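Chain and residue survey
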Amino acid sequence: MMQLAAKPKQFKQFLGRVPRRAWRWLFRVTVIALLVPVFLQWLIAYVVGNDARILPPQLLAAKNLLIVTAHPDDECLFFSPSILSVLDRNRDITGGLLVMSTGNNYGMGETRQRELQGSCAALGIHPQKCVALDHPELQDNPKIWWKRELIQDMVHQHVRKWEVDVILTFDEGGVSGHLNHRAVSAAVTHYAATNPEAPVAFTLTTTSLLRKYTFLGDLPLTALPFAWKIISALSYPTTTANPKDGGLSLLANTWGRYLKTRHAFAQHPSQYTWDRNLYMVVSRYVWFNDLKRVERVVQQPQNQQ
């Protein structure tokens, strides 16, 4: 007990030995660390977000956007900054959502299908293009890897039906590592890379768990590869750019879009638990997205004998 009582006293003595100058520097660094992410969020969301070097020409000029996910609620938990940034900036574009399952892992598939319609309405996705599939081989299960060919067939059908010219989906990490997310990524990226009829596709970058839950704290690191593009956008804005240069994209929610994101997730009451409520504040994915374009595989001509 005496040793425990001595520790707070020793800690106070240690703090007392720290020079005031060091405390002032620590305070300044803390303020800068807090303000820089907020400033970057404002800058990207309100000032340079329309620039073709930040939002690639393929997204700026798209007519029919398709978001491909695994479960109902993925669209607002992960993709809302991308969806809202594109749809708000381009009023001529029509948004579509193709969800590969109804999220029936706990027997709530029908409920989650109904909830999805409310979320689509909140995000501005066309009601007739808000679809959750209920295929026997594409059922919500974190232990099952879905068939690539089956997903590709479903995606291709909707690409042709809805005349899609841009696709958004998960990257190989699936944001959360869920097998269904990763299976969707594997199928869609292979389709976009190898099928000559496939539209251009962008994938949502997966980060480490620590970076995922840092509110805006991860934005300076995420924005680092875009530093020169952001400076250029401030110096001489443009809405046109070489499509070959649009391999990366950075999209941030305005305050209004963030509120839309919360409203969209509120349409999923079956999923609105306390931890998800916390997620809607601290997760980077409800504040900003960074996307990477899927590069097409160049088919080598066969050598003729």
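Just so it is clear, the model here is predicted, and its values are computed rather than measured. (Residues numbered from 1 in each chain as written. Predicted model: local features only at pLDDT ≥ 70, side-chain atom pairs only at ≥ 80, totals over all residues. Heavy atoms only, no water.)

**Topic: the sheet that holds strand S5 (residues 200-204)**
Note the cut-off: By this definition, two strands are paired if DSSP reports at least two bridges between them. Only DSSP runs of H or I with at least four residues qualify as helices, and only runs of E with at least two residues qualify as strands; both kinds are numbered from the N terminus onward. All axes are obtained by fitting lines to C-alpha atoms, using only the stretch in contact for helices, and the reported angles, taken between N-to-C directions, cover 0 to 180 degrees. In what follows, residue pairs with any heavy atoms lying within 4.5 Å of each other are defined as contacts.
Taken in spatial order, the 7 strands make up an open sheet running S3-S2-S1-S4-S5-S7-S6, and their pairing is mixed. For this open sheet the edge positions go to strand S3 (130-132) and strand S6 (248-252), each flanked by a neighbour on one side alone. For this sheet, the mean inter-axis angle between neighbouring strands, taken without regard to orientation, is 20°. Pairing between strand S4 (residues 166-170) and S5: 5 bridges, direction parallel. Within S5, the position partnered with Ile 167 by the bridge is Ala 201. Lying on the sheet, helix H6 (residues 109-123) is in contact with strand S2 (94-99) and S3; it crosses S3 at an angle near 155°. Contacting strand S1 (64-69), S2, S3 and S4, helix H7 (residues 148-162) crosses the sheet at an angle of about 160° to S2.

**Focus: a nonpolar patch on the surface**
Keep this limit in mind: A residue counts toward a patch only above 30% relative accessible area and without a salt bridge, and it is joined to like-charged neighbours within 9 Å or, for Val, Leu, Ile, Met, Phe, Trp and Tyr, to nonpolar neighbours within 5 Å. Surface exposure here means Shrake-Rupley accessible area, sampled with a 1.4 Å probe, where a residue is shielded only by the protein chains that are shown. Any Lys or Arg side-chain nitrogen found within 4 Å of a carboxyl oxygen on Asp or Glu counts as a salt bridge. Note on exposure labels: buried denotes an accessible area under 20% of the residue type's maximum, exposed denotes more than 50%, and partly exposed covers the range between, all computed with a 1.4 Å probe on protein chains only.
On the surface, Phe 39, Trp 42, Tyr 46, Val 47, Leu 234, Trp 255 and Leu 259 cluster together into a nonpolar patch covering about 760 Å² of accessible area. Mapped onto the nonpolar patch, the elements with two or more residues apiece are helix H2 (20-47) and helix H12 (255-266). By residue number, the principal contributor to the nonpolar patch is H2, which donates 4 residues. Note on placement: Phe 39 falls in helix H2. Assessed through its relative accessible area of 47%, Phe 39 is described here as partly exposed.

**Details of the pairing of S6**
Extensive coverage of S6 is indicated by the burial of 4 of its 5 residues. As paired elements, S6 and strand S7 (residues 288-293) share 5 bridges and run antiparallel to each other. Bridging from a neighbouring strand, Leu 248 pairs with Lys 292 of S7.

**What to know about the packing of aromatic side chains**
To keep it simple, the criterion reads: To pair, rings of Phe, Tyr and Trp, with the six-membered ring standing in for Trp, must have centres within 6.5 Å; the planes then decide the type, stacked if under 30 degrees apart, edge-to-face if over 60, and tilted in the middle. A positively charged side chain is recorded as over a ring if its NZ (Lys) or CZ (Arg) lies within 6 Å of the ring centre. The angle to the ring normal must also be within 35 degrees.
Counting across every chain of the model gives 11 aromatic pairs. When the ring of Phe 39 is compared with that of Trp 42, the centres are 5.8 Å apart and the planes differ by 35°; the resulting orientation is tilted. Taken together, the residues Phe 39 and Trp 42, both in helix H2 and 3 residues apart, mark about one turn of the helix. Judged by its relative accessible area of 44%, Trp 42 falls in the partly exposed class. Taken together, Phe 78, Phe 79, Phe 170, Tyr 213, Tyr 279 and Tyr 285 form an aromatic cluster joined through their ring pairs. If you follow Arg 284 out to its NZ or CZ, it ends over the ring of Tyr 285, 5.0 Å from the centre.

**Overview of H6**
The criterion, for reference: Expected span of a helix, by definition, is 1.5 Å for each gap between consecutive residues, and there is one gap fewer than residues. Comment: arc refers to directions from the helix axis out to C-beta atoms.
Relative to the 21 Å expected for 15 residues at 1.5 Å per residue, H6 spans 21 Å between its end C-alpha atoms, a close match to the ideal helical length. Listed in full, the buried residues belonging to H6 are Gly 109, Arg 112, Glu 115, Leu 116, Ser 119, Cys 120, Ala 122 and Leu 123. For H6, the angular spread of buried residues about the axis comes to 150°, placing them on one side. Opposite the buried face of H6, at more than 90 degrees from it, the exposed residues are Glu 110, Arg 114 and Ala 121. Where H6 is buried, its residues meet helix H4 (74-77), helix H5 (80-89), S2, S3 and H12. Within two residues after H6, Gly 124 carries a phi angle of roughly 85°, on the positive side.

**With respect to the nonpolar core**
As a rule of thumb, soluble globular proteins bury nonpolar side chains together. Convention followed: Throughout, nonpolar core names a set of buried Ala, Val, Leu, Ile, Met, Phe, Trp, Tyr and Cys residues whose side chains join them through atoms within 4.5 Å.
Within the largest apolar cluster, 81 residues are counted, with the highest numbers of intra-cluster contacts made by Met 100, Ile 151, Val 155, Ile 167 and Val 184. In terms of residue count, helix H8 (residues 179-194) provides more of this core than any other element does, 7 residues in total. In this view, Val 155 contacts Val 68, Leu 98, Met 100, Ile 167, Val 188 and Tyr 191; residues no more than four positions away in its chain are not counted.

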